[in-house]
Amino acid sequence: MNAPTAPEVLARAERQAQVVAALQQVLPPDCLLWHAEETTPYECDGLTAYRQRPLVVALPESEAQVQAVLKTCHALDVPVVARGAGTGLSGGAMPHKLGVTLSLAKFNAIQSVDPVSRTAVVQCGVRNLAISEAAASYGLYYAPDPSSQIACTIGGNVAENSGGVHCLKYGLTVHNVLKVRGFTAAGEPVEFGSAALDTPGFDLLAIVIGSEGMLAVATEVTVKLVPKPLLARCIMASFDDVRKAGDAVAAVIAAGIIPAGLEMMDKPMTAAVEDFVHAGYDLTAEAILLCESDGTPEEVEEEIGRMSEVLRKAGATAIAVSRDEAERLKFWSGRKNAFPASGRISPDYMCMDSTIPRKRLADILLAIQEMEKKYGLRCANVFHAGDGNLHPLILFDANDADQLHRCELFGADILETSVAMGGTVTGEHGVGVEKLSSMCVQFSPEELEQMRALKRAFDPKELLNPGKVIPTLNRCAEYGKMLVRGGRISHPDLPRF
């Protein structure tokens, strides 16, 4: 990134003074940050390879203040990027250099928990895990459980349509949210969905969930709660070949079994997490599967038996079944700590998030192994195997510009290969800035224009989280030229630019 010129620095300072003066009229002094040392902590989310300091950070404490901030920014044509806990992995909360970062961290109240309707009404800044903790006394919990659930917020989950290790059986955020309330870019109150089972008109709730903060700013969310199962047990199955492990995933589903969780880790990942949390993983296995069953004791016993038989026939070299709740949590501790464990063995990592058909799991793993040689970088893999959602973690050093460049090419290659195998560029982490160019691979110019038209319908000035998710046609053209120059056009059946 080139250093800003003197005129650019002056223009930024003048714009900052204008925005600060306007926001000081609607926010208390301690709810506004603009000095460099105050705004630097907001310069990136969980994707630390890309950073940008915001012009101003606003920290409203009420919906009225959120509305006032949005109206002020709309009047001044100032971009706004909503931010929760900043745990996102695609750069979706990276600030705009001439915009306001709207931090909703203070919206952390659980408004109500209704055990009769099995719902909870929470503010957008409530942590994912806090919802289940609040509902525990009623024997209920909130099912989507991203690995960052101890820190990530429900507003961010709505923005990215987050999932988790139990999404195969219980669904993603979109399947577990009834209503979202908030404001448009212009500060107009808006509500999507309802507490009823259905709403009249178009299903705009499903459009807003996963829209990455481009259509509206959510302030309150009504979620579904589900009964805690009487029992849950987990199988840890070892395989001496990644293809056998991938085929085993397909075999479990083909047998008519929908496990509560079905995760896969390759050998480099199991080594990283075992050294970190000592979960008891088989370090000789080329891949392991974690298969969980929950329900009544009778249901669990029957399903564990069926899954074990399928896994043995698929070639499992060892099968261990959790004997109690402590051991079940121990098995899952490794999977839940895959990201921090990777951070211990590499200065940086970039976590991809493509989705492929289950039957191609082994194919993509083997393709990634070849890419490791091609780009000279290591990659540890963890999958939501049951629904084909990949999380390859490319290990690199962001202080080395060449490694960062090779990491970007590596990641783009994974995404392009996933699309060629019948998949998508993202499953639950969003597009943000990370996968912006890869959207050109999956979608045609006409499809991208339809996405832009939808954004303009909600946000005519395009002020909410601009420059993300939907690439411009010029960007797609430049990306196409880059692929040709790098000899990367390996899938001629994909949409071209």
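About the thresholds
- Residues numbered from 1 in each chain as written.
- Predicted model: local features only at pLDDT ≥ 70, side-chain atom pairs only at ≥ 80, totals over all residues.
- Heavy atoms only, no water.
- Phe/Tyr/Trp six-rings, centres within 6.5 Å; stacked < 30°, edge-to-face > 60°.
- Helix = DSSP H or I, 4+ residues; strand = E, 2+ residues; numbered from the N terminus.
- Buried < 20%, exposed > 50% of the residue type's maximum accessible area, 1.4 Å probe, protein only.
- Pairing = 2+ DSSP bridges.
- Contact = heavy atoms within 4.5 Å.
- Axes fitted to C-alpha atoms, helices over the stretch in contact; angles between N-to-C directions.

Enquirer: Just checking my understanding: could you explain the packing of aromatic side chains for this structure?
Expert: Aromatic rings considered in pairs are described by the distance between their centres and by the relative angle of their planes. Under the definition given, this model contains four aromatic pairs. Summarising the aromatic geometry, the rings of Phe192 and Phe458 are spaced 6.2 Å apart at their centres and angled 40 degrees between planes, so their arrangement reads as tilted. Remark: Phe458 occurs in helix α16 (residues 445-458) and Phe192 occurs in strand β9 (residues 189-193); sequence separation between them is 266 residues. Grouping residues by exposure puts Phe192 and Phe458 together as buried. Plain terms: the ring middles of Tyr375 and Phe410 are 5.4 Å apart, the flat faces sit at 20 degrees to each other, and that makes the pair stacked. Taken together, the residues span a long stretch of sequence, with Tyr375 in helix α13 (residues 361-375) and Phe410 in helix α14 (residues 401-420) at a distance of 35 residues. For Phe410, a relative accessible area of 0% puts it in the buried group.

Enquirer: What is the right way to look at the sheet that holds strand β4 (residues 100-103) in this model?
Expert: One key point about sheets: their strands pair by backbone hydrogen bonds, in either a parallel or an antiparallel sense. Reading across the sheet, the four strands line up as β1-β2-β4-β3 and stay open at both edges, with mixed pairing between neighbours. With one partner strand each, in any of the chains shown, β1 (32-33) and β3 (80-83) form the two edges of the open sheet. Strand direction decides the pairing type here: β3 and β4, joined by four bridges, are parallel. Bridged to Arg83 within β4 is Ser103. Where helix α1 (residues 6-23) meets the sheet, it contacts β1, β2 (56-58) and β4, and its direction lies at approximately 20 degrees from that of β2.

Enquirer: Quick question: what am I supposed to make of the pairing of strand β18 (residues 389-396) here?
Expert: Regular strands place their side chains on alternate faces of the sheet. The buried fraction of β18 is high, at eight of eight residues. Burial along β18 is two-sided: Asn389, His391, Leu393 and Leu395 and Leu390, Pro392, Ile394 and Phe396, pointing in opposite directions, are all buried. Where strand β16 (residues 348-351) meets β18, four bridges bridge the pair, whose relative direction is antiparallel. Its bridge partner being in β18, Asp348 is matched across the sheet by Phe396. Counted along the chain from strand β17 (residues 378-384) to the antiparallel partner β18, the turn is four residues long, and its residue Gly388 has a positive phi close to 70 degrees.

Enquirer: I would appreciate a short explanation of unusual backbone geometry in the present structure.
Expert: With the exception of glycine, most residues fall at negative phi, and the peptide bonds are largely trans. In the Ramachandran plot, Asn161 falls in the positive-phi region, its phi being about 55 degrees despite a non-glycine side chain. Note that Asn161 resides in the loop between α5 (154-160) and α6 (167-170). Phi at Glu212 is positive, roughly 60 degrees, even though this residue is not glycine. Residue position: Glu212 is located in the loop between α7 (204-208) and β10 (217-224).

Enquirer: Can you help me understand the sheet that holds β16 in this one?
Expert: The strand order across the open sheet formed by seven strands is β15-β12-β14-β13-β17-β18-β16, and the pairing between neighbours is antiparallel. Looking along the sheet, the strands with just one partner apiece sit at the ends: β15 (318-321) and β16. On average, each strand axis in the sheet is tilted by 15 degrees relative to the strand beside it, whichever way the strands run. Bridging between strand β13 (residues 261-266) and β17 involves two bridges; their strand directions are antiparallel. Bridged to Met265 within β17 is Val382. Packed on one face of the sheet, helix α9 (residues 267-277) meets β13, β14 (287-295), β17 and β18 and runs near 95 degrees to β13. Each of β12 (231-239), β13, β14, β15, β17 and β18 touches helix α11 (residues 325-336); the most contacted strand, β12, lies at about 50 degrees to it.

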